[in-house]
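A structural walkthrough
So the chains spell out like this:
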Amino acid sequence: MKLQLALDEMKLEEALEFAEKVKDYVDIIEIGTPFVIAEGMNAVRAFKERFPDKEILSDEKIMDGGFFESKLAFDAGAEYVTALGVTDALTIKACLKAAHEFGKQLVVDMICVDNLPDKIRELEELGVHVLAVHTGADQQAAGRQPIDDLKVMKAHAKSAQIAVAGGINSSTIDKYVALDPDIIIVGTGITHAEDPVKEARLIKEAMERRA
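Keep in mind the model is a prediction, meaning the values are calculated, not measured. (Residues numbered from 1 in each chain as written. Predicted model: local features only at pLDDT ≥ 70, side-chain atom pairs only at ≥ 80, totals over all residues. Heavy atoms only, no water.)

**Comments concerning the pairing of strand β6 (residues 130-134)**
Looking along a regular strand, one sees the side chains alternate between the two faces of the sheet. Within β6, 4 of the 5 residues are buried, leaving the element largely enclosed by the surrounding structure. Pairing between strand β5 (residues 105-109) and β6: 3 bridges, direction parallel. Among the inter-strand pairings, aspartate 109 is bridged to a residue of β6, identified as alanine 132. Taking the sense of rotation as the criterion, the β-α-β connection linking β5, helix α6 (residues 116-126) and β6 turns out right-handed. Direction of pairing for β6 relative to strand β7 (residues 161-165): parallel, over a ladder of 5 bridges. Opposite valine 130, over in β7, you have glutamine 161 as the bridge partner. (Buried < 20%, exposed > 50% of the residue type's maximum accessible area, 1.4 Å probe, protein only. Helix = DSSP H or I, 4+ residues; strand = E, 2+ residues; numbered from the N terminus. Pairing = 2+ DSSP bridges. Right-handed = clockwise from strand over helix to strand, strands pointing away.)

**What about the layout of surface pockets?**
Considering only enclosed or pocket space, the largest pocket measures out at about 620 Å³ in volume. Along the wall of the largest pocket there are 31 residues; nearest its centre are Ala6, Asp8, His134, Gln140 and Ala165. For the lining of the largest pocket, the secondary-structure elements that each account for two or more residues are β1 (2-7), α2 (33-39), β3 (55-62), β5, β6, α7 (137-141), β8 (183-186) and α10 (188-191). (1 Å grid on protein atoms, 1.4 Å probe; cavity = no way out; pocket = protein on both sides within 12 Å on 5 of 7 lines; lining within 4 Å. Points joined across faces, edges and corners; volume = space filled by probe spheres on them.)

**A word on the nonpolar core**
Core analysis: the biggest nonpolar cluster contains 62 residues, and Phe47, Leu106, Met110, Leu131, Ile184 and Ile190 have the highest contact counts within it. Tallying contributions element by element places helix α1 (residues 12-22) first for this core, with 6 residues. Setting aside residues up to four positions removed in sequence, isoleucine 190 forms contacts with Leu3, Leu5, Phe18, Val22, Pro196, Glu199, Ala200 and Ile203. Core analysis: the second largest hydrophobic core is formed by 11 residues, Ala6, Ala163, Ile183 and Ile185 among them. (Core = buried A, V, L, I, M, F, W, Y, C linked by side-chain atoms within 4.5 Å. Contact = heavy atoms within 4.5 Å.)

Encoded structure:
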């Protein structure tokens, strides 16, 4: 089980300094979508250079131009790139083509997917590496939680790894760990914590207890 740190709101130098503090507890560093929009592949390169032993994810949420946009991330050193589950199969296939050429992985973000079982089956048939439960910030503000979608994903996924994101912190981590996802994604739970290092440690310890 891997812990993925999602960095969304910081400037590049600030984000690099922050990641340095919590790196001992993190397996994957995510260059979040706002970060990618603000800094582009420069952020991916900078993080891979600073943290060569960490896996880097470029959260591009690709909807079109699958091969080209995936290649941008992989050329910059990312191990993972994300596409949206609501896109069509041709875009997913193009992303996978780039992933296979580079020996890297495609994560499909299932945010706003209506029929999870059918989409899981379709994506696994295409050979997607990771499926990500994602309850967005706007959905969380309306009271939706990712735990129910994670249960559905675990029940239906046969071959893909499962990642989960959406308001997870040290107070809620145990109920997610109990469902045994492959990757747990935490953003503001760590970055906005009063003591980010302690928060990252508590989350990682909960994950290790399950292992």
